[in-house]
Amino acid sequence: MPELETRSPFDVVDRAERRWAYGVAGIIAFLLALIVFSSAHWAAQPPSNVETIDASRLHLAGEFMEANLGTVIERDGSATVRILAQQYAFVPSCIVVPDGTSVKFRVTSPDVVHGFLIAGTNVNTMVVPGFVAVVRTRFERPGSYATPCHEYCSVGHEGMWARVMVVGHQEFTRDYGGQSRASCARQ
Ligand code: CUA
């Protein structure tokens with residue numbers, strides 16, 4: 001008669017559980033490392049500043065009135081772009097910014113949650129009514145970037161797109177007046 005298995009079933013279970021625990025700890029460590037790497041390497045920006053705004057009065061007064069939307073050059077030479085994300089369009093839908101310039105996007109919504117993503121850049125944020133989403137970036141070269149809404153915002157969601165056009169700094173000053181309300185059609 002062969003010798004009986006001496007390991008108790010508890011040992012077997014214990015060992016198997018330990019293996020799974022190490023495996024899961026490894027996966028968690030890998031995912032955390034991925035988050036740290038992508039935040040550092042791609043300058044991903046968690047929502048650290050929580051700026052609130054009255055979503056019901058955006059059109060009536062203040063920063064996000066129609067006349068204030070678009071790109072402005074600040075005194076320090078950086079650009080600020082103010083955008084309204086609403087069902088189902090971005091206003092303005094064509095955003096012109098100069099290259100080689102620090103650009104700050106300030107985006108808010110008067111209705112529901114939208115998304116603001118500029119393909120191929122670090123810009124990727126939710127736009128929540130009642131809050132101003134602020135994202136900073138810099139475009140080194142002229143080009144055109146697709147900017148979809150990437151939070152489902154109801155039936156017109158898939159048609160909600162904008163375009164960011166990066167033009168040379170001189171061209172921005174010359175052809176677009178270096179000013180607010182720059183749209184893709186030259187002024
Ligand atoms: Cu706006 Cu989806």
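Everything quoted here is computed from the prediction, not taken from an experiment. (Residues numbered from 1 in each chain as written. Predicted model: local features only at pLDDT ≥ 70, side-chain atom pairs only at ≥ 80, totals over all residues. Heavy atoms only, no water.)

Asker: Looking at this structure, how should I read the sheet that holds strand E10 (residues 143-148)?
Answerer: Through backbone hydrogen bonds, the strands of a sheet pair up, either in parallel or in antiparallel fashion. Ordered in space as E5-E11-E10, the three strands form an open sheet in which the pairing is mixed. Whereas interior strands pair on both sides, the edge strands pair on one side only; in this sheet they are strand E5 (94-98) and E10. Strand-to-strand twist of the sheet, defined as the mean angle between neighbouring strand axes without regard to direction, takes the value 20°. (Pairing = 2+ DSSP bridges. Helix = DSSP H or I, 4+ residues; strand = E, 2+ residues; numbered from the N terminus. Axes fitted to C-alpha atoms, helices over the stretch in contact; angles between N-to-C directions.)

Asker: I keep staring at the nonpolar core and nothing clicks. Help me out?
Answerer: Across soluble globular proteins, nonpolar side chains have a tendency to be buried as a group. Ile83, Phe90, Ile95, Val97, Phe105, Phe116 and Phe139 are the most contacted members of the largest nonpolar core, which has 22 residues in total. Breaking this core down by element, the ones donating at least two residues are strand E3 (79-86), E5, strand E6 (102-108) and strand E11 (161-167). With four residues, the single largest contributor to this core is E3. Among residues more than four places away in sequence, those in contact with Ile95 are Thr71, Val81, Ile83, Phe105, Ala162, Arg163, Val164, Met165 and Cys184. Grouped together as the second largest cluster of nonpolar side chains are six residues, Leu58, Phe64, Leu84 and Val134 included. (Core = buried A, V, L, I, M, F, W, Y, C linked by side-chain atoms within 4.5 Å. Buried < 20%, exposed > 50% of the residue type's maximum accessible area, 1.4 Å probe, protein only. Contact = heavy atoms within 4.5 Å.)

Asker: In this structure, what is going on with the side chain of Asp99? I would like to understand it.
Answerer: Along the chain, Asp99 turns up in the loop between E5 and E6. Of the side chains with opposite charge, Arg141 lies nearest to the buried Asp99, which makes no salt bridge, at 7.9 Å. (Lys, Arg positive; Asp, Glu negative; His and termini not counted. Salt bridge = Lys/Arg side-chain N within 4 Å of Asp/Glu carboxyl O.)

Asker: Got a minute to help me understand the pairing of E3 in this structure?
Answerer: Two faces, one strand: in a regular strand the side chains alternate between the faces of the sheet. With seven of its eight residues buried, E3 lies for the most part within the structure. Pairing of strand E2 (residues 70-73) with E3, which is carried by four bridges, proceeds in the antiparallel orientation. In the strand pairing of E3, Thr71 is matched with Val81. Relative to E6, E3 runs parallel, the two being bridged by six bridges. Within E6, the position partnered with Leu84 by the bridge is Thr108.

Asker: What exactly am I supposed to notice about a nonpolar patch on the surface here?
Answerer: A cluster of nonpolar side chains, contributed by Val24, Ile28, Leu32 and Ile35, occupies part of the molecular surface with about 370 Å² of accessible area. Note that Leu32 resides in helix H1 (residues 9-41). (Patch = residues over 30% accessible without salt bridge, like charges linked within 9 Å, V, L, I, M, F, W, Y side chains within 5 Å. Areas by Shrake-Rupley, 256 points an atom, 1.4 Å probe, with all protein chains shown as cover.)

Asker: Explain the packing of aromatic side chains to me, please; I cannot follow it from the model alone.
Answerer: The geometry of an aromatic ring pair is captured by the separation of the ring centres together with the interplanar angle, meaning the angle of the planes. Taken as a whole and assessed by the stated rule, the structure comprises three aromatic pairs. Members of the aromatic cluster, joined through ring pairs, are Phe90, Phe105 and Phe116. (Phe/Tyr/Trp six-rings, centres within 6.5 Å; stacked < 30°, edge-to-face > 60°.)

Asker: Looking at this model, I keep getting lost on the pattern of salt bridges. Mind explaining?
Answerer: Pairing is possible between side chains that carry opposite charge, provided their charged atoms lie close to one another. According to the stated counting rule, one finds five salt bridges in the structure shown. Measuring nitrogen to oxygen at the nearest pair gives 2.5 Å for the salt bridge that ties Arg106 to Glu51. Here the residue Arg106 occupies a position in strand E6, and Glu51 occupies one in strand E1 (residues 51-52), the gap between them amounting to 55 residues. Residue class for Arg106 comes out buried when judged on its relative accessible area of 10%. The exposure class of Glu51 is partly exposed, given its relative accessible area of 29%. The closest approach of N and O atoms between Arg82 and Glu63, which form a salt bridge, is 2.6 Å. One end of the pair, Arg82, is in strand E3; the other, Glu63, is in the loop between E1 and E2, and 19 residues separate them in sequence. A relative accessible area of 24% places Glu63 in the partly exposed class.

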